[in-house]
Structure formats: C-alpha cells, structure tokens
Amino acid sequence: MPWGNSDPPVRMNPKGSMLEQKINELFGDEDPSSFGTGWWSGVLSAFFGLLALGSVVCLHFPQLLSSPDLRQHYPMHLMRGLIQSIIVVALILGVVSASLRRKKVLGLTGMLLALTATLLGGASIPINGSLHDGLSIGLDWFLLDLLLMTLIFSPIEVLWPAYPKQSVFRPEWLLDVGYFLATHLPIRITTFLILLPATQLTRVLGNAGLQAATASLPLWSQFLLAILVADLAEYWIHRALHGVPWLWRFHAIHHSSKSLDWIAGSRAHIVDDVLIRGLMLVPMMFAFSHEIIVAYLLFVTIHATWAHTNFGPSIPWLERYLIFPRFHHWHHTSQAEAIDKNFALHFPWIDKLFGTYYLPKAGWPESYGLSHEPIPAGFWGQTFYPFVRRKRR
Ligand SMILES: [Zn+2]
Ligand SMILES: [Zn+2]
C-alpha cells in the first residue's frame, strides 16, 4: 500500500505572503506544535471562535448574510444547538491551550471570539420579521461548508498525510481561504450563472421522455448514471480548458498551487468554476430529475475536495476505478511526464479510454504548480490575469 512520500513538494515561496508571515509571527511562537503542546487546541479554539462569531452575525442579519435557497431548509433548533456547541467547544479548547502553552495568544484569541459571540446574543438571537427573497451574501454557506470540509478532511490530512512535512499553514493557505470565501459568498450569482446554460437549453431542447425513462430506474442507479454522465462531460470540458489557449488562462489559476491539500482545491478562477459546473449540468438536465442533480452537486462538492487532499493511503486495485487523491495530484504536477493527463474527476478509467491516463504504481509528484508560467501571487492579480496575459505554459 503506497503511503506517500516523506519529502514535501517544491516550494517556490517558502515564507508565504506578508499577511501570512504576520499571522505566523503573532500566533506561531517557537514552541513545538505537536499533540499535547496546546498548539492544536489553540488553533481549533480560534477556528471555532471565528465560526461562532460568524454564525451569530448571520443570526443578526439573516436577510443580508444568509442564502435564501439554503435558509428555508435549516432546522433552526438544530442550527442553534450547533452554534451553542461551537461556542462552548471554542471556550474549552481555549482554556486547554492557554494552560498548556507558554504563549497564550492562540487560546486567548479563541476565547475572546467565543465570548464576543456570546455577548452579541449567542445562539438564541430571535429572527425578527419574515425574510424575503433579494440581494444576499452566502456567509452561512461559507461557514457551513468550511465546518463540514474541515471536519471531514482535516483529521485525515493530519493523521495520514501524503506529505508529512507539509504544514496545514503552508505558504498561500490564506490565499486559498480567500478563494474559498470568494466561491461561497456570491452563491446567488454563481448558482444563477451555473444553471443558466442548462435551463436555457432544456427549455428549447427538453426531452420529457428521456427524463421519464431514467426516473423509472432505481434511485441508486440513477445516481450512479448521473455521476457517469457528469464525469464524461467534465472530462471534455476540463480537456478543453487545458487545450484551448484562452480557456487555459482561466484554468491556470487552479494549477498554480505549489502544494495541495483540501483547501487548495478551492483555488479556481470564477470563470473556470462557472464554466465547468455550468456545462457539466447541460447533459444532466436532459436526463435526470432535480433531486438527483442536487444530490450529485452535494456529492461533487465533497469528492472534488477529496481529490485535492494531502492524504497518503490508497487501495491499489480500487484506485484504477475510483479517484483517490494520488490520481488528481498527478494532474497538478509540474513534471513533464504527467502534463495534460488525468482529466476525470470521479472515474480514472475515463482517462484510460481516451488515452490521457497517468498513474505510476506508487509514488507522488515531487513538484506542483506551473514551472514555465509566472502567475501573480495575490487574489486580484490572479482574477485579472486571464484578461491581461497572453502567454501559455
Ligand atoms: Zn486541470
Ligand atoms: Zn484540481
């Protein structure tokens, strides 16, 4: 069983951005960061404290800071229980960290954030008045997805990493959190844009017979078929993003990460993100029900994140049929042998079928990113990059 490579990937910017350095100076004292030193309890306290404060702010301004499509489905008593638990956990972890660690700043930050959330009303703030459809920011979606993905992927990355020397707070982690924020806050606009091609085309070319035929299948086979249709579409859209020079300029941002983990997967230009997800939906809309498409969208959120995780273990016979992180990591390498390979998102054999499969028996890439294409370092520079640069790797 290949358990990864002990060497970290090549880092072109080992210290990270100015802001990352400032945060490291403030929070990352010279004390060790292994278990039992108060480091992890401090980091988690600050993380849960931030989540708690963000959620309480959402409760204060639900009309502006929650997505109308999501908030109508929230079981509010459970959400309030969750927020209360997060506040309590942040406080307890803060106390643990402050008692274990010489420098108290991490634990105190977590406690201060949780305390501020409590003083602002905590989980019991009533939602006054009825909420109406309108302009909104998906802060609720950002906080929920951040919590969900951190709970699923961070423990396995810490326990079984492919690159043990790669820190959670590696260079550019803040940039990728920025991308995570940028892909979640405008959820109303991106959802509209993603649905636009599929809804317009099905209006003109809709085929009720095909939908009825797939609806007669058992639910599990509809779902599997939906994943297959989506991945075949994704394969060709993704291949076009690599092959067509003006499309590559958008997709190059996703490939600019110099080390991968679950949050690095969220680094994508908004045009790239909307194009892939929007066009992938087109063949799905012809054949599948709304419920199956929503179920697939939830699945792809988790599976696409999984493909980027810094997680070493794999099951060799299974990784030929289902994607494990190693397959997509080879897609991100800057090593010549794997450039323009491994386009599929769910099933590696699709690449085998079309001649773009690359997966050595064992081992992970030694370098990631774009070796011949300098990309601006910051979020806004990267956002404007496709419109001002003409060079292709
Ligand atoms: Zn790609
Ligand atoms: Zn990727």
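Residues numbered from 1 in each chain as written. Chains lettered and ligands numbered in written order. Predicted model: local features only at pLDDT ≥ 70, side-chain atom pairs only at ≥ 80, totals over all residues. Heavy atoms only, no water.

Chemist: Looking at this structure, how should I read the nonpolar core?
Modeler: Generally speaking, a soluble globular protein has its nonpolar side chains buried in company with each other. Counting 36 residues, the largest nonpolar core has Ile237, Met280, Leu281, Met284, Phe288, Ile293 and Tyr296 as its most contacted members. Elements with a contribution of two residues or more to this core: α9 (187–205), α11 (219–243), α13 (270–287), α14 (290–308) and α15 (325–331). Looking at this core, the element that brings in the most residues is α13, giving 9 residues. With residues up to four places along the chain from it excluded, the contact list for Phe288 reads Gln211, Thr214, Gln222, Leu225, Ala226, Val229 and Ile293. Counting residues in each nonpolar core, the second largest holds 33 residues, with Ile125, Leu139, Phe180 and Trp306 among its members. (Core = buried A, V, L, I, M, F, W, Y, C linked by side-chain atoms within 4.5 Å. Buried < 20%, exposed > 50% of the residue type's maximum accessible area, 1.4 Å probe, protein only. Helix = DSSP H or I, 4+ residues; strand = E, 2+ residues; numbered from the N terminus. Contact = heavy atoms within 4.5 Å.)

Chemist: Explain the coordination of the zinc ion (ligand 2) to me, please; I cannot follow it from the model alone.
Modeler: Reference values for coordination geometry: four tetrahedral donors around a metal ideally subtend 109.5 degrees, six octahedral donors ideally subtend 90 or 180 degrees. Distances from the zinc ion (ligand 2) to its protein donors, namely His254 (NE2), His308 (NE2), His328 (NE2) and His332 (NE2), fall within the range 2.0 to 2.1 Å. Considering all 4 donor atoms around the zinc ion (ligand 2), the spread of angles at the metal, 93 to 158 degrees, places the coordination shape in the irregular class. Between consecutive donor residues of the zinc ion (ligand 2), the sequence gaps follow H-x53-H-x19-H-x3-H. If you look at the zinc ion (ligand 2) and the zinc ion (ligand 1), they sit 5.9 Å from each other. Highlighted residues: His254 in the loop between α12 (245–251) and α13 and His328 in helix α15, separated in sequence by 74 residues. When sorted by exposure, His254 lands in the same class as His328, which is buried. (Donors = N, O, S within 2.8 Å, 3.2 Å for Na, K, Ca; no water. Tetrahedral: all angles 85-135°; square planar, octahedral: opposite > 155°, others 65-115°.)

Chemist: It is not clear to me how the confidence of the model for the protein chain should be interpreted in this structure. Could you clarify?
Modeler: When pLDDT drops low, the exact placement of atoms in the prediction is not to be read closely. Counting all residues, the mean pLDDT for the protein chain is 87, and 93% of those residues have values of 70 or more. Low confidence marks residues 1–13, where pLDDT is under 50. Its contacts with residues over four positions away, or in another chain, come to 40 contacts. (pLDDT = per-residue confidence, 0-100.)

Chemist: Would you mind showing me how to read the packing of aromatic side chains here?
Modeler: Think of a pair of aromatic rings as described by two things: how far the centres are apart, and how the planes are tilted against each other in angle. Summed over the entire model, instances satisfying the criterion amount to 23 aromatic pairs. Relative to Trp349, the ring of Phe347 lies with its centre 5.3 Å away and its plane at 25 degrees, an arrangement referred to as stacked. One aromatic cluster is present, formed by Trp160, Trp306, Phe311 and Phe324 through successive ring pairs. Lying across the ring of Tyr357, Lys352 places its NZ or CZ 4.4 Å from the centre. (Phe/Tyr/Trp six-rings, centres within 6.5 Å; stacked < 30°, edge-to-face > 60°. Lys NZ or Arg CZ within 6 Å of the ring centre and 35° of its normal.)

Chemist: How should I be thinking about the packing of α13 against α14 in this particular structure?
Modeler: How two helices sit against one another is set out by the angle between their axes and by the gap between those axes. Contact geometry of α13 with α14 gives a least axis separation of 10 Å together with a crossing angle of 150 degrees. Between α13 and α14, the angle falls in the class roughly antiparallel. When you trace α13 past α14, the crossing you get is right-handed. For the pair formed by α13 and α14, the contact residues are Met280, Leu281, Met284 and Met285 on the first element and Ile293, Tyr296 and Leu297 on the second. Within the contact of α13 with α14, the residues separate by chemical class into 7 nonpolar, no polar and no charged. (Axes fitted to C-alpha atoms, helices over the stretch in contact; angles between N-to-C directions. Parallel < 35°, antiparallel > 145°, perpendicular 65-115°, else oblique. Left-handed = near helix turned anticlockwise from the far one by under 90°. Nonpolar A, V, L, I, M, F, W, Y, C, P; charged D, E, K, R; others polar.)

Chemist: Would you take a moment to explain the coordination of the zinc ion (ligand 1) for this structure?
Modeler: In the first shell of the zinc ion (ligand 1), the protein supplies His238 (NE2), His242 (NE2), His251 (NE2), His255 (NE2) and His331 (NE2), at 2.1 to 2.2 Å from the metal. The sequence pattern describing where the donors of the zinc ion (ligand 1) fall on their chain is H-x3-H-x8-H-x3-H-x75-H.

Chemist: Is there a simple way to explain unusual backbone geometry in this structure?
Modeler: Trans peptide bonds make up most of the peptide bonds, and negative phi angles are found at most residues other than glycine. At Glu172, a position not held by glycine, the phi torsion is positive, near 75 degrees. Mapped onto the fold, Glu172 is located in the loop between α7 (139–159) and α8 (173–184). On the basis of relative accessible area, Glu172 is assigned to the buried category, the value being 10%. Backbone geometry places Asn342, a non-glycine residue, at a positive phi of 55 degrees. Here Asn342 lies in the loop between α15 and α16 (349–353).

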